Structures are given as structure tokens and as C-alpha cells.
Amino acid sequence: MVNPFYHSRGKGSHIRRRTRIDVLPFNKFILGSNSVIEDFCTVNNGVGDVTIGNNTLVGMGNVIIGPVSIGNNVILAQNIVASGLNHEYRDVHMPVHLQKVTTAPITIEDDCWIAANVVITAGVTIGKHCVIAAGSVVTKDVPPFSVAAGNPARVIKRYDAALNEWVKAE
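We now turn to the structure provided with this report. Since this is a predicted model, take the numbers as computed values, not measurements.

1. Section: the sheet that holds strand β22 (residues 153-160)
And step 1. Taken together, nine strands build an open sheet; the order of strands is β2-β5-β8-β11-β16-β19-β21-β22-β23 and the sheet is mixed. Each of the sheet's edge strands pairs with one partner strand only, and the pair in question is β2 (14-15) and β23 (165-168).
And step 2. For strand β19 (residues 131-132) and strand β21 (residues 146-150), the ladder comprises two bridges, and the chain directions are parallel. Directly across from Ile132, in β21, lies its bridge partner Ala148.

Put into C-alpha cells, the structure is as follows:
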């Protein structure tokens, strides 16, 4: 940890040895208690804070570029990209790499499961207890207690508390 005022790791947390942690001293990096970041991940807080809650698993090969906030009891499977960063491209007289960088925070609330090979774009919130199907591209917010799938991801099921079951979305 570079800066104890902005960076912290909770008790029992683990960052595997083959993980790239690009943590700068001026943005937060917080890893909650009993959370794990598996091998071959990249975590970067260069353009925004990265916070990961308690009892959360960041599976192998994930890329997390802040600003990103991940809640408690979240499972991120393998090869997920969650990037709060975008490149400007609108000025056609200037190369994209010379244009400004924009950011919009990503929020993954508590108790979610994000399956393998999902892409989560800047500015998206995934609500509490959601499941995002493998290979989905999440470009819009997903309401709590939903299952989303596809490219772009859309809600295919929701939990109905009155029926006490998951029902197909209309």
C-alpha cells in the first residue's frame, strides 16, 4: 500500500501474487475484509477511486479501472472488464489518444454475481442481488433483484417478492 490515508486492506483480504495493482497515492484503493483479488487481474485507480467491499471475490483475469465501487458479498467471475474510463473521440481533426479522458463511476451493489467475460461500461449501476449473464455488455443501469443478459444487456428476470420467486421480465 502506497498511502495509508487513501489505501487500505481489510483483515483476511488477499491479493494474489500475479496481480497488477496500479495504485496511485492520490485516489483511494480499498479492499474489504476477507476479500480476494485473484491472479492475472489489473486494478487501476489512476482516474478514480476503486473500492471493493467485504467478502468479495475478484476472479482471475479481471480488469477494474476506477472510478469503481464494488459492494459486499459480490462474485466477479473471470475476464470481466469494469472501466469507469472513456476516451473522447469527437474532434475528428485530433487523434483519439490526444483527446481528453472522461470518467463516470461504476457501482456494483451488494450480493451480485457477475459471470465470466462481462463488460461493464462507465456510469452503470448494478443493483443489489443482481446476476449478469456470461458475455453480457452492460451499458445501462440494472435494477436491484434482476437478471440481465445480452449485448447490450437487458433484464430477462426479476424477483417478485409477492410470489417469492424469479419471474420472466416483460
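2. Topic: a nonpolar patch on the surface
And step 1. A cluster of nonpolar side chains, contributed by Leu57, Ile75 and Trp113, occupies part of the molecular surface with about 270 Å² of accessible area.
And step 2. On the secondary structure map, Leu57 appears in strand β8 (residues 57-58).
And step 3. Look at Leu57 and you get partly exposed, because its relative accessible area is 32%.

3. Brief notes about the nonpolar core
And step 1. With 33 residues, the main nonpolar core has Leu76, Ile108, Ile114, Ile120, Ile126 and Val138 as its most contacted residues.
And step 2. Among the elements of the structure, β4 (29-31), β7 (50-52), β10 (68-70), β15 (106-108) and β22 are those that each provide at least two residues to this core.
And step 3. Setting aside residues no more than four positions away along its own chain, Val138 makes contact with Val118, Val119, Ile120, Thr121, Val124, Ile126, Ile132 and Ala153.

4. Some remarks on the environment of Tyr159
And step 1. Relative to the helices and strands, Tyr159 resides in strand β22.
And step 2. Overall, the relative accessible area of 30% leaves Tyr159 in the partly exposed class.
And step 3. Separated by 142 residues in the primary sequence, Tyr159 and Arg17 have C-alpha atoms spaced 39 Å apart.
And step 4. When neighbours within four sequence positions are excluded, Tyr159 is seen to be in contact with Phe145, Asn164, Glu165 and Trp166.
And step 5. A polar contact is formed between the side chain of Tyr159 and the side chain of Asn164, at a distance of 2.3 Å.

5. A look at the sheet that holds strand β12 (residues 81-83)
And step 1. Across the sheet, six strands lie side by side as β3-β6-β9-β12-β17-β20; this open sheet has parallel pairing. Both edges of this open sheet fall to β3 (20-22) and β20 (137-138), since each of them pairs with a single strand only.
And step 2. Examined bridge by bridge, strand β6 (residues 42-44) and strand β9 (residues 63-65) share three bridges and lie parallel to one another. Among the inter-strand pairings, Asn44 is bridged to a residue of β9, identified as Ile65.

6. Re the environment of Ala115
And step 1. Mapped onto the secondary structure, Ala115 falls in the loop between β16 (113-114) and β17 (119-120).
And step 2. In this structure, the C-alpha to C-alpha distance between Ala115 and Gly135, residues 20 residues apart in sequence, is 7.5 Å.

7. Looking at the packing of aromatic side chains
And step 1. As enumerated under the stated definition, the model contains one aromatic pair in all.
And step 2. Arranged with centres 5.4 Å apart and planes meeting at 65°, the rings of Tyr159 and Trp166 form a pair that is edge-to-face.
And step 3. Taking relative accessible area as the criterion, Trp166 reaches 34% and is therefore assigned partly exposed.
And step 4. The aromatic ring of Tyr89 is capped on one face by Arg90, whose charged end is 5.9 Å from the ring centroid.

Thresholds, definitions, all that
Residues numbered from 1 in each chain as written. Predicted model: local features only at pLDDT ≥ 70, side-chain atom pairs only at ≥ 80, totals over all residues. Heavy atoms only, no water. Pairing = 2+ DSSP bridges. Helix = DSSP H or I, 4+ residues; strand = E, 2+ residues; numbered from the N terminus. Patch = residues over 30% accessible without salt bridge, like charges linked within 9 Å, V, L, I, M, F, W, Y side chains within 5 Å. Areas by Shrake-Rupley, 256 points an atom, 1.4 Å probe, with all protein chains shown as cover. Salt bridge = Lys/Arg side-chain N within 4 Å of Asp/Glu carboxyl O. Buried < 20%, exposed > 50% of the residue type's maximum accessible area, 1.4 Å probe, protein only. Core = buried A, V, L, I, M, F, W, Y, C linked by side-chain atoms within 4.5 Å. Contact = heavy atoms within 4.5 Å. Polar contact = N/O pair within 3.5 Å; in protein donor to acceptor, adjacent residues only side chain to side chain. Phe/Tyr/Trp six-rings, centres within 6.5 Å; stacked < 30°, edge-to-face > 60°. Lys NZ or Arg CZ within 6 Å of the ring centre and 35° of its normal.

Interpretation in functional terms is not warranted from these geometric data alone.
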